[in-house]
Amino acid sequence: MAAAVVERRAVRAAPRERRRSATRPSWSSLLYVAPALAFFAVFVVVPIVQSVRISFYDWDGISVATPAGLSNYAAVFSDPDLREALGHSLVLLVFYAALPVLIGLLLAGAMSRIRIHGLTTLRAVLFLPQVLSSVVVAVAWRGILADDGPVNGALRAVGLGGLTHTWLGDFGTALPSIGLIGTWVEYGLCMVLFLAGIATIDRSLYEAARLDGAGAFREFTAITLPALRPQISIALILTITFALRNFDLIWNTTRGGPGTSTTVPSVFVYQDAFQDRALGQASALAVVLTVLILVVVGIVQLALRERPDRRSGKGVRA
């Protein structure tokens, strides 16, 4: 009798032991990620720490650094040119984030419903701007939008010569032109993310919607769009980050001009660090820009996160 009781207790204890062993960390598994962690620490964590430290000094990169306290950060927040540059970045959020996500949703929704020959090739062509170097994109579009470029040539050919501009050299059109270049670069990434998300949706949901008489628009808004919230969150994080840290595309098209009409904070980071040799102020601006990106990304994640359903215990999306 006693042996049977002991056996039953051992059987009940076995699942608990397995659960504990499954949740117990395996230090040997860290060996697999150790090279990646070391690379991340050396090339990401250490430079960030160094930038934060340098931001509290006045340093030209050669002579002895002198403590500056919070004066570099005070200069960042009091500079009207930097406030103007931040405003330009907020405008670019519309072109680099909102428009690519909208265009990507429309293209993904259309491609998920049509079946034509060569659709795979079309997807690759639409995604091509994302894989091109930013320098190549900037140089190409600088020629396209030049006074004697294809855009103005097409306008003159159809009798709209009065609408021609030096698009990247005009104060009123330079920033929107750069924004549209960013839209062209980013929409392919959003489209691919959304197509991947649509492929995971249960097709029976669409069949049930059609039986209820739902049209294409109703299927998209009731089934596709809610199911794509994780992909929309990822797309917004990537595009917003690109918009706020963008440098090479602007520098290789307008260099922040004409005047200061296309300056963004990253342009001032480059100018302070490599032209004016004010590494302390450049580091302070870089730290502020990094914090701004993290805050905006955090807001996006909070807005689109899954919230637990208290009644069913399952997760529901915000």
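None of the values given here were measured: they were computed from a predicted structure. In this convention, every chain numbers its residues from 1, walking through the sequence in written order. For this predicted model, a pLDDT threshold of at least 70 governs which residues receive local features, and a threshold of 80 or more governs which side-chain atom pairs are given and counted, while totals over whole chains, interfaces and linings are taken from all residues. For the side-chain quantities, the full set of heavy atoms in the structure was used; hydrogens and water were omitted.

*Asks:* Teacher, can you tell me more about the overall build of the protein chain here?
*Replies:* Regarding its fold elements, the protein chain presents 14 helices and four strands. Across the 318 residues that make up the protein chain, the buried fraction comes to 33%. Taking as baseline every contact in the protein chain between residues at least 6 positions apart, the subset at least 24 positions apart corresponds to 64%. All accessible-area figures derive from a Shrake-Rupley calculation using a 1.4 Å probe, and residue coverage is judged against the displayed protein chains alone. As displayed, the protein chain offers around 18,900 Å² of accessible surface, 67% of which is attributable to carbon and sulfur atoms. Here a helix means four or more residues in a row that DSSP labels H or I, a strand means two or more in a row labelled E, and each is numbered from the N terminus. Each residue gets one of three labels from its accessible area relative to the maximum for its type: buried under 20%, exposed over 50%, partly exposed in between, using a 1.4 Å probe on protein chains only. In this description, contact between two residues means that some pair of their heavy atoms is separated by no more than 4.5 Å.

*Asks:* Please explain the environment of proline 100 as it appears in this structure.
*Replies:* Here proline 100 lies in helix α4 (residues 80-111). Owing to a relative accessible area of 0%, proline 100 belongs among the buried residues under this scheme. Through-space distance from the C-alpha of proline 100 to that of leucine 180 is 9.7 Å; in sequence the pair is 80 residues apart. Setting aside residues up to four positions removed in sequence, proline 100 forms contacts with Val94, Phe95, Thr183, Glu186, Tyr187 and Cys190.

*Asks:* Mind showing me how you'd approach the pattern of salt bridges here?
*Replies:* Two side chains of opposite charge can pair, provided their charged atoms sit close to one another. By convention in these notes, a salt bridge is any Lys or Arg side-chain nitrogen within 4 Å of a carboxyl oxygen on Asp or Glu. This structure, assessed with the given rule, holds three salt bridges. Salt-bridge contacts for arginine 156 lead to aspartate 147; the nearest nitrogen and oxygen are separated by 3.8 Å. Residue arginine 156 is classed as partly exposed on the basis of its relative accessible area of 42%. Among the salt bridges present, the one from glutamate 219 reaches arginine 210, with a minimum N-O distance of 3.2 Å. Exposure remark for glutamate 219: the relative accessible area of 3% places this residue in the buried category. The partly exposed category is assigned to arginine 210, whose relative accessible area is 44%. Taken together, the salt bridges that share partners define one network made up of Arg113, Arg210 and Glu219.

*Asks:* So what exactly am I meant to see when it comes to a nonpolar patch on the surface here?
*Replies:* Nonpolar side chains collect at one region of the surface, where Trp27, Leu30, Tyr32, Val33 and Leu37 lie side by side and expose about 620 Å² of accessible area between them. Tracing the backbone through its elements, the reader meets leucine 37 in helix α2 (residues 30-54). Only residues whose relative accessible area exceeds 30% and that form no salt bridge are eligible for patches; like-charged ones are grouped when within 9 Å, while nonpolar side chains (Val, Leu, Ile, Met, Phe, Trp, Tyr) are grouped when within 5 Å.

*Asks:* Could you clarify how one ought to interpret the packing of helix α3 (residues 71-78) against helix α14 (residues 279-303) in this entry?
*Replies:* Two quantities define a packed helix pair, namely the angle between the helix axes and the distance between the axes. Viewed as axis vectors pointing N to C, α3 and α14 meet at an angle of 65°, and their least axial separation amounts to 9 Å. Here α3 and α14 pass one another in a crossing that is right-handed. Across from Asn72, Tyr73, Ala75, Val76 and Phe77 in α3, the residues of α14 making contact are Gly280, Gln281, Ala284, Leu285, Val287 and Val288. Of the residues contributing to the contact of α3 with α14, the split by class is eight nonpolar, three polar and no charged. Angles shown run from 0 to 180 degrees and are taken between the N-to-C directions of axes, each axis being a line fitted to C-alpha atoms and, for helices, limited to the stretch in contact. When the near helix sits turned anticlockwise from the far one by under a right angle, the crossing is termed left-handed; a clockwise turn instead gives a right-handed crossing. Residues are sorted three ways: Asp, Glu, Lys and Arg are charged, Ala, Val, Leu, Ile, Met, Phe, Trp, Tyr, Cys and Pro are nonpolar, and all the rest, Gly among them, are polar.

*Asks:* Honestly, helix α11 (residues 229-245) in this entry has me stumped. Any pointers?
*Replies:* Owing to its 3.6 residues per turn, the α-helix aligns residues three or four sequence positions apart on the same side. Its 17 residues give α11 an end-to-end C-alpha distance of 24 Å, which sits within 8% of 24 Å, the value for a rise of 1.5 Å per residue. All of the buried residues in α11 are Gln231, Ile232, Ser233, Ala235, Ile237, Thr239, Ile240, Phe242, Ala243 and Leu244. Expected span of a helix: the number of residues minus one, times 1.5 Å.

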